[in-house]
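Residue strings, one per chain:
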Amino acid sequence: MAHPTQLGFQDAASPVMEELLHFHDHALMIVLLISTLVLYIITAMVSTKLTNKYILDSQEIEIVWTILPAVILVLIALPSLRILYLMDEINDPHLTIKAMGHQWYWSYEYTDYENLGFDSYMVPTQDLAPGQFRLLETDHRMVVPMESPVRVLVSAEDVLHSWAVPSLGVKMDAVPGRLNQAAFIASRPGVFYGQCSEICGANHSFMPIVVEAVPLEHFENWSSLMLEDA
Amino acid sequence: MADVIDDKIKNYRTAPFDARFPNTNQTRNCFQNYLDFHRCNKVLSGKGQDSSPCEWYQRVYKSLCPMSWVEKWDGQIEDGSFPGKI
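Residues numbered from 1 in each chain as written. Chains lettered and ligands numbered in written order. Predicted model: local features only at pLDDT ≥ 70, side-chain atom pairs only at ≥ 80, totals over all residues. Heavy atoms only, no water.

Named according to an unreviewed UniProt entry, chain B is Cytochrome c oxidase subunit originating from Cyprinus carpio. As recorded by UniProt, the Function (unreviewed entry) comment attached to chain B reads in full: "Component of the cytochrome c oxidase, the last enzyme in the mitochondrial electron transport chain which drives oxidative phosphorylation." In its Subcellular location (unreviewed entry) section, the UniProt entry covering chain B states "Mitochondrion". (UniProt positions renumbered as here; feature names shortened; annotations may be inferred.)

In the annotation of an unreviewed UniProt entry, chain A is listed under the name Cytochrome c oxidase subunit 2 and assigned to Cyprinus carpio 'wananensis'. Taken from UniProt, the Subcellular location (unreviewed entry) comment for chain A reads in full: "Mitochondrion inner membrane". Quoted verbatim from the Sequence similarities (unreviewed entry) heading of the UniProt record, the comment on chain A is "Belongs to the cytochrome c oxidase subunit 2 family."

### Concerning helix α3 (residues 216-229) of chain A
All names here are of chain A. Here α3 spans 20 Å end to end across 14 residues, near enough to the 20 Å set by a 1.5 Å rise per residue. Three or more residues of α3 are buried, namely Phe219, Trp222, Ser223 and Met226. An end-on view of α3 places all buried positions within 95° of arc, on one side of the element. Each element contacted by the buried residues of α3 is listed here: β1 (95-102), β2 (105-110), β3 (116-120), β4 (142-145) and β10 (209-214). (Helix = DSSP H or I, 4+ residues; strand = E, 2+ residues; numbered from the N terminus. Expected span 1.5 Å × (residues − 1). Buried < 20%, exposed > 50% of the residue type's maximum accessible area, 1.4 Å probe, protein only. Arc of directions from axis to C-beta. Contact = heavy atoms within 4.5 Å.)

### Observations concerning the domain arrangement of chain A
Residue and element names in this part refer to chain A. Assigned domains of chain A: these are domain 1 (13-86) and domain 2 (93-227). The straight-line distance from the C-alpha centre of domain 1 to that of domain 2 is 40 Å. Buried area between domain 1 and domain 2, summed over both chains or domains, comes out near 520 Å², and the portion from carbon and sulfur atoms is 54%. Counting the surface domain 1 buries against domain 2, the share from its top three residues, Ala13, Ser14 and Met17, is 77%. Run the count over domain 1 and domain 2 and you get 3 residue pairs in polar contact (both at pLDDT 80 or more). Here the residues of the side of domain 1 that touches domain 2 sort into 3 nonpolar, 1 polar and 1 charged. (Domains from an automatic or database assignment. Buried area = accessible area lost by both parts, 1.4 Å probe. Polar contact = N/O pair within 3.5 Å; in protein donor to acceptor, adjacent residues only side chain to side chain. Nonpolar A, V, L, I, M, F, W, Y, C, P; charged D, E, K, R; others polar.)

### Side note on a nonpolar patch on the surface
A contiguous nonpolar surface patch, about 350 Å² in accessible area, is contributed by Ile34, Val38, Ile42 and Val46 of chain A. Here Ile34 of chain A is to be found in helix α1 (residues 15-47). (Patch = residues over 30% accessible without salt bridge, like charges linked within 9 Å, V, L, I, M, F, W, Y side chains within 5 Å. Areas by Shrake-Rupley, 256 points an atom, 1.4 Å probe, with all protein chains shown as cover. Salt bridge = Lys/Arg side-chain N within 4 Å of Asp/Glu carboxyl O.)

### Notes on the state of the cysteines
A covalent bond between the sulfur atoms of two cysteines is referred to as a disulfide. All names here are of chain B. On inspection of all chains with the given rule, the structure shows 2 disulfides over all chains. With its sulfur 2.1 Å from that of its partner, Cys30 forms a disulfide with Cys65. Taking the sign of the S-S torsion, 120° for the link of Cys30 and Cys65, the bridge is right-handed. You can see Cys30 sitting in helix α2 (residues 27-46) and its partner Cys65 sitting in the loop between α3 (55-64) and α4 (67-79), a full 35 residues away along the chain. Taken individually, Cys30 and Cys65 each receive the classification buried, so the pair is uniform in this respect. Each disulfide pairs two cysteine sulfurs, and for Cys40 the partner residue is Cys54, the sulfurs being separated by 1.9 Å. The sign of the S-S torsion, about -80°, decides the handedness of the disulfide formed by Cys40 and Cys54: left-handed. You can see Cys40 sitting in helix α2 and its partner Cys54 sitting in the loop between α2 and α3, a full 14 residues away along the chain. We note that Cys40, like Cys54, is buried. Numbered in order of appearance, the disulfide-bonded cysteines of chain B are paired 1-4, 2-3. (Disulfide = S-S within 2.5 Å.)

### Concerning the nonpolar core
Counting 36 residues, the largest nonpolar core has Trp106, Tyr108, Tyr110, Met142, Trp163 and Phe184 of chain A as the members making the most contacts within it. Setting aside residues up to four positions removed in sequence, Met142 of chain A forms contacts with Ile97, Tyr108, Tyr110, Val152, Trp163, Phe184, Val210, Val211 and Glu212 of chain A. If you look at the next biggest cluster of nonpolar residues, it comprises 24 residues, including Phe37, Cys40, Val70 and Trp73 of chain B. (Core = buried A, V, L, I, M, F, W, Y, C linked by side-chain atoms within 4.5 Å.)

Now the structure itself:
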């Protein structure tokens, strides 16, 4: 989850997010190098006592500062496209979960076998237990088996919402009447937080998402318990 | 043929990848399987044959379609106001 004074991404919890994180490091490094070079050149130009009144042809440097940016762009584009196609690969999910956005909570439906459905409301600040996170905790979490490809079908029952979990690298708009598919694999067990990412009214900031990745047996126990309670 | 289908239904985990709907928008995938289930039932029951192969479509639409959509459509079928052709 996010922490105060955070600068970078949250720790990745899925292979795709890891790739995105590393790509961001790569692109940011290139950007920082170029910016440093430009800043240096500006200060050098501003502080020099030399003057040159006779620049005519400058073929060589023109060639260099045309080819070099093209090469840099290719070095950015190749990893970017690699990740784009990686995210687009046909995956064979083990499990399908529907995440329906409402004003102002999410509801999750696990209907591959039985009809399991439940609502997920934010825990109000005054009801938080010590150690819980303000505006992020929910009464029921979306539990998934770890290391399994999961398909999430995101939709909404009233207005636009958006289902986002940054550490899994997932964000998908929830549009009424439309079913949007997102997929992820939770590479490690843990609890991953997200927040609604499309303005949806008064309590838009108070309908968080919590995904809990657990070993398969725990997931099976949890779903049996949830079905009994329903 | 029927046992291939029975096998697929028995080993069902979740709706598999359907090449007819390769993109993010899976709305039609859900609706098409719902229609196919009811059409399959109508045809097989109409001929007096066993409609258990239709269970595949039912498993798929139950996996994909939100429960509220299914309830709404079931209600419309009962009323006779369902917009799709079955």
